[in-house]
Amino acid sequence: MDDDSRVPLSNLHAAGNLLPTTGEASSSTSRSVRTEWPTIDGPLGLSHEESLTYARRFFKLGFLCLPFLWAVSCFYFWPVLRNPRSQQSHPRLRRYLVGSAIGFFLFTTILSSWALTFAIGGERLFGHVWGELVMYNVAEKYGLAGWI
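Residues numbered from 1 in each chain as written. Predicted model: local features only at pLDDT ≥ 70, side-chain atom pairs only at ≥ 80, totals over all residues. Heavy atoms only, no water.

By the naming in an unreviewed UniProt entry, the chain is Gamma-secretase subunit PEN-2, taken from Salvia divinorum. The Subcellular location (unreviewed entry) field of the UniProt record for the chain holds the comment "Membrane". (UniProt positions renumbered as here; feature names shortened; annotations may be inferred.)

### Side note on the overall build of the chain
Assigned secondary structure in the chain consists of 9 helices and 0 strands. Sequence-ordered secondary structure for the chain, helices as α and strands as β, is α-α-α-α-α-α-α-α-α. The 148 residues of the chain split such that 22% are buried. In the chain, of all internal contacts separated by at least 6 residues, the share reaching a separation of at least 24 is 46%. For the chain, the accessible area works out to roughly 11,100 Å², and carbon and sulfur atoms hold 64% of it. (Helix = DSSP H or I, 4+ residues; strand = E, 2+ residues; numbered from the N terminus. Buried < 20%, exposed > 50% of the residue type's maximum accessible area, 1.4 Å probe, protein only. Contact = heavy atoms within 4.5 Å. Areas by Shrake-Rupley, 256 points an atom, 1.4 Å probe, with all protein chains shown as cover.)

### A short note on the side chain of Ser100
One can find Ser100 in helix H7 (residues 91-126). Those residues within four positions of Ser100 in sequence are excluded, and the remaining contacts are Phe59, Trp70, Ser73 and Cys74.

### With respect to helix H4 (residues 68-76)
Those residues of H4 that sit buried are Trp70, Ser73, Cys74 and Tyr76. The secondary structure elements touched by the buried residues of H4 are helix H3 (48-62), helix H5 (78-82) and H7.

### Concerning unusual backbone geometry
Positive phi, close to 60 degrees, is recorded for Cys65, a residue that is not glycine. Examined against the element boundaries, Cys65 turns out to sit in the loop between H3 and H4.

### So, the UniProt feature "transmembrane region" (unreviewed entry) in the chain
This chain's UniProt record puts "transmembrane region" (unreviewed entry) on residues 58-78 and 98-120. Strand forms 0% of residues 58-78 and helix 71%; the C-alpha atoms that close the span are 14 Å apart. As a span, residues 98-120 carries 100% helix and 0% strand, and end to end its C-alpha atoms are 32 Å apart.

### Description of H7
In H7, a bend of some 65 degrees at Ile120 exceeds every other bend along the element. For H7, the set of buried residues is Leu93, Arg94, Tyr96, Leu97, Ser100, Gly103, Gly121 and Gly122. Looking one or two places after H7, you find Gly127, whose phi comes out positive at around 70 degrees. (Bend = angle between axes of the 7 residues up to and from the residue.)

### A closer look at the nonpolar core
Listed in full, the 12 residues of the largest apolar core are Leu46, Leu52, Ala55, Phe58, Cys74, Tyr76, Phe77, Val80, Leu81, Leu93, Tyr96 and Leu97. In this structure, Ala55 is in contact with Ser73, Phe77, Leu93, Tyr96 and Leu97, ignoring residues within four places of it in sequence. (Core = buried A, V, L, I, M, F, W, Y, C linked by side-chain atoms within 4.5 Å.)

### As for the environment of Ala101
Assignment of secondary structure puts Ala101 in helix H7. Through-space distance from the C-alpha of Ala101 to that of Val72 is 9.8 Å; in sequence the pair is 29 residues apart. With residues near it in sequence (within four places) discarded, Ala101 still touches Cys74 and Leu81.

Right, dumping it as structure tokens:
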């Protein structure tokens, strides 16, 4: 390690780093002071106002047949969604994130149910109509599968 890369903790704290100095380390044992960031990026992420704008945008666009934006929103703002105490620090942001989480859960449940109905049920469930529903039969019927 170079001598230049060794910087005292007091200099790091003064430069804006969140590491406590030696005097603060003893007082922080009794109470933990943590900065709460709204995004998973921490200090590199968005500010609170920008976070609220993006969360609102993701929530509303999720209703326009883009429900995976709800999942992106839940992932990106995971610190706020995960921490129940964030209701006090980010109440409006948390409302959009909980709505996005519920929306994505419902979308995933409905899509999985629909897919499993066709995958598991098949001809037993749909009977003679199954031949008309299956996509590869439609392709053969119209001569679209002959080139394979």
